Amino acid sequence: MMKITDTHAHYDDEAFDSDRDELLSELLADKCEKIVSLGCDIEKSRFNIALAERFDGLYAAVGVHPENCADVKDGYLDELKELAKHPKVCAIGEIGLDYHWEPLDKQRQIRFFREQLELARELNLPVCVHSRDCTGDIMDILREYKPNGVMHCFSGSIEVADELLSFGMMISFTGLLTFKNAKKAVEAARHIPLDRIMLETDCPYMAPVPHRGERNDSGYVIHTAEKLAEIKELTLEETVRACNENAERFFRFGQKKG
Ligand SMILES: [Zn+2]
Ligand SMILES: [Zn+2]
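Residues numbered from 1 in each chain as written. Chains lettered and ligands numbered in written order. Predicted model: local features only at pLDDT ≥ 70, side-chain atom pairs only at ≥ 80, totals over all residues. Heavy atoms only, no water.

## Notes on the coordination of the zinc ion (ligand 2)
Note the cut-off: In this analysis a donor is any N, O or S atom within 2.8 Å of a metal ion (3.2 Å for sodium, potassium and calcium), and since water is not included, sites may seem incomplete. Any coordination sphere not matching a tetrahedral pattern (four donors, all angles between 85 and 135 degrees) or a square planar or octahedral pattern (four or six donors, opposite donors over 155 degrees apart, other angles between 65 and 115) is reported as irregular. Only protein chains enter the accessibility calculation, which uses a 1.4 Å probe. A residue is then buried if its area is under 20% of the maximum for its type, exposed if over 50%, and partly exposed in between.
Ligation of the zinc ion (ligand 2) by protein atoms is provided by H8 (NE2), H10 (NE2), E94 (OE) and D202 (OD), these donors lying 2.0 to 2.2 Å from the ion. Around the zinc ion (ligand 2), the 4 donor atoms are arranged such that angles at the metal cover 83 to 177°; this shape is classified as irregular. Each donor residue of the zinc ion (ligand 2) lies on the same chain, and together they follow the pattern H-x1-H-x83-E-x107-D. In this model, the zinc ion (ligand 2) sits 3.5 Å from the zinc ion (ligand 1), the two metals being bridged by E94. Side by side, H8 and H10 carry an identical accessibility label, which is buried.

Pasting the structure below:
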């Protein structure tokens, strides 16, 4: 049985409260090579580190999500820096911009995003970037930083993909790739070289077809892998092997000294 690395999940989420430990044991035994669980604020980042300490294949990313920066105090950067030194922390994330929800404090989101990009650079860690309804602003910032990063849950155009690739960034796809209306994402996936693509679930959200609407978990990453294999006209094995290798190279799992 081929194991797939899920590069973006949220196992701190309360959707996993009833069965988190059994589920992670099962997933890491049978289905997943590695899993990265990302924090969206300081508390959740801390939670994910504690979880990663208990499961070999589980790694943590620490960061403040743009939706949460209104509630996070200004001293957060020092706390984040401390957390990021943990040997199981493999990235800063998830960070970025999200202009979907009102009320909106764009200036604060932009400041937090820049501060965390700088922290990642200082600590020599990759970043996991979230982008929604903000393409102009986020591309301006990424153009400036050209971070060692991944644009997660990609659903943008080929043009945007090309520019991200030109910065040296990776691009990752969720179950969104399997949705009927995901034509743009499918075109982008066809276009992006396989050595720049990673697979993710963003669970508990974004469950792929045929599980849409259910709680997502890292086991369902197989559906996104199958879709990508179909798009790339490769076998599932070839596709998974490439995406797993990309994840190893990008996150440098386990290579960090404690
Ligand atoms: Zn996101
Ligand atoms: Zn996420």
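We are not done yet, so read on.
## Brief notes about the coordination of the zinc ion (ligand 1)
Protein coordination at the zinc ion (ligand 1): the donors are E94 (OE), H130 (ND1) and H152 (NE2), at 2.1 Å from the metal. Of note, the zinc ion (ligand 1) draws all its donor residues from one chain, in the sequence arrangement E-x35-H-x21-H.

## Side note on the nonpolar core
The condition that has to hold: Put simply, buried Ala, Val, Leu, Ile, Met, Phe, Trp, Tyr and Cys residues joined by side-chain atoms within 4.5 Å make one nonpolar core. Every helix listed is a DSSP run of H or I at least four residues long, and every strand listed is a run of E at least two residues long, numbered separately from the N terminus.
Membership of the largest hydrophobic core comes to 77 residues, with the highest contact counts inside it found for Y11 and L164. With 6 residues, helix α4 (residues 106–123) is the largest single contributor of residues to this core.

## Here's the deal with the pattern of salt bridges
Cut-off, in case you're wondering: Should a side-chain nitrogen of Lys or Arg be within 4 Å of a carboxyl oxygen of Asp or Glu, the pair is scored as a salt bridge.
As enumerated under the stated definition, the model contains 17 salt bridges in all. Residue D19 is joined to R215 by a salt bridge in which the shortest nitrogen-to-oxygen separation is 2.9 Å. In this pair, D19 sits in the loop between β1 (6–9) and α1 (20–30) while R215 sits in the loop between β8 (197–199) and α8 (221–232), placing the two residues 196 residues apart along the sequence. The partner of E163 in a salt bridge is R143, and the shortest N-O contact between them spans 2.6 Å. With E163 in helix α6 (residues 158–166) and R143 in helix α5 (residues 135–145), the pair connects residues that are 20 residues apart, well separated along the chain. For R143, a relative accessible area of 34% corresponds to the partly exposed category.

## Comments concerning the packing of α4 against α5
Applied cut-off: Axis lines are fitted through C-alpha atoms, for helices just across the contact stretch, and the angle between N-to-C directions can take any value from 0 to 180 degrees. Throughout this description, any angle smaller than 35 degrees is read as roughly parallel, any larger than 145 degrees as roughly antiparallel, any in the 65 to 115 degree range as roughly perpendicular, and the remainder as oblique. Definitions for this section: a left-handed crossing has its near helix turned counterclockwise from the far helix by less than a right angle. A right-handed crossing has that turn clockwise. Two residues form a contact once any of their heavy atoms are found within 4.5 Å. Basically, the charged four are Asp, Glu, Lys and Arg, the nonpolar ten are Ala, Val, Leu, Ile, Met, Phe, Trp, Tyr, Cys and Pro, and anything else, Gly included, counts as polar.
Where α4 contacts α5, the two axes come as close as 12 Å, and the packing angle between them is 25°. Regarding the angle of α4 to α5, the classification is roughly parallel. Taken as a pair, α4 and α5 cross one another with a handedness that is right-handed. Along the contact surface, α4 presents K106, I110, F113, R114, L117, E118 and R121, while α5 presents D137, I138, I141, L142, E144 and Y145. Broken down by class, the residue content of the contact of α4 with α5 amounts to 7 nonpolar, no polar and 6 charged.

## Describing helix α3 (residues 76–84)
The test is simple: Relevant arc is that of directions from the helix axis to the C-beta atoms, nothing else.
Along α3, the residues that are buried comprise Y76, L80, L83 and A84. Around the axis of α3, the buried residues are gathered within 95° of arc, so they sit on the same side. In this structure, α3 carries D78 and E82 as exposed residues pointing more than 90 degrees from its buried face. In this structure, the buried residues of α3 make contact with α2 (42–54), β3 (58–62), β4 (89–98) and α4.

## Topic: the state of the cysteines
Defined as follows: By definition, disulfides here are pairs of cysteine sulfur atoms that lie within 2.5 Å.
By the definition in use, this model includes 0 disulfides. Free of any disulfide, C69 has its nearest neighbouring cysteine sulfur in C40, separated by 12 Å. Judged by relative accessible area, which is 3%, C69 ranks as buried. With no disulfide of its own, C203 has C32 as its nearest cysteine by sulfur position, at a separation of 8.5 Å.

## With respect to the side chain of H8
Using the following cut-off: Polar contacts here mean pairs of N or O atoms no more than 3.5 Å apart (in protein, one a potential hydrogen donor and the other a potential acceptor; neighbouring residues in sequence count only if both atoms are side-chain atoms).
Residue placement: H8 occurs in strand β1. Within polar-contact distance, the side chain of H8 engages the side chain of E94 at 2.8 Å. Sequence-distant contacts of H8, defined by excluding residues within four places in its chain, comprise V36, L38, E94, H152, E200, T201, D202 and C203.

## A short note on the pairing of strand β7 (residues 170–173)
Condition: Whether two strands pair comes down to DSSP finding at least two bridges between them. If the strands point away from the viewer and the path from the first strand over the helix to the second runs clockwise, then the crossover is right-handed.
Burial of β7 is two-sided: the residues M170 and S172 facing one way and the residues I171 and F173 facing the other way are all buried. Of the strand pairs in this sheet, strand β6 (residues 149–151) and β7 are connected by 2 bridges, and their pairing is parallel. In the sheet register, V150 faces β7, and the bridge partner there is M170. Regarding topology, α6 serves as the crossover connection from β6 to the parallel β7, and that connection is right-handed. Read as a crossover between parallel neighbours, the route from β7 over helix α7 (residues 183–191) to β8 is right-handed.

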